[in-house]
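Chain and residue survey
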Amino acid sequence: QLACDGCHSEHLWNPENGKELNPETFEKLLLKYSETITCVIFMDGEWSCLELLILINIVKKFRLKVACTRV
């Protein structure tokens with residue numbers, strides 16, 4: 001939605017694409033990929049601090065590394 005210059009994911013600009021990430025869906029994704037991932041990176045965007053902290057705590061529960069980027 002932000003249409004950032006140089007965005008590598010222009011398909012994400014369309015609000016009809018994808019689903020909102022909720023804690024339950026996020027935890028299922030972490031379970032699905034638990035054998036192949038070591039870190040979760042939250043990319044820049046319009047995060048709600050409370051929602052982001054909830055997801056970070058889920059990452060920590062899985063004993064994975066977590067990073068946040070800011071452009």
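Residues numbered from 1 in each chain as written. Predicted model: local features only at pLDDT ≥ 70, side-chain atom pairs only at ≥ 80, totals over all residues. Heavy atoms only, no water.

**Looking at the overall build of the chain**
Regarding its fold elements, the chain presents two helices and two strands. Its helices and strands taken in sequence order, the chain reads α-β-α-β from the N to the C terminus. Across its three principal axes, the chain shows a C-alpha extent of roughly 35 × 25 × 25 Å. The buried share of the chain, taken over its 71 residues, is 15%. (Helix = DSSP H or I, 4+ residues; strand = E, 2+ residues; numbered from the N terminus. Buried < 20%, exposed > 50% of the residue type's maximum accessible area, 1.4 Å probe, protein only.)

**Section: the pairing of strand 2 (residues 65–68)**
Note: strand 1 (residues 39–42) against strand 2, four bridges, orientation parallel. For F42, the partnering residue across the bridge sits in strand 2 and is C68. (Pairing = 2+ DSSP bridges.)

**A look at unusual backbone geometry**
For R63, which is not glycine, the phi dihedral falls at a positive 60 degrees. Position of R63 among the secondary structure elements: in the loop between helix 2 (49–61) and strand 2. Look at R63 and you get exposed, because its relative accessible area is 78%.

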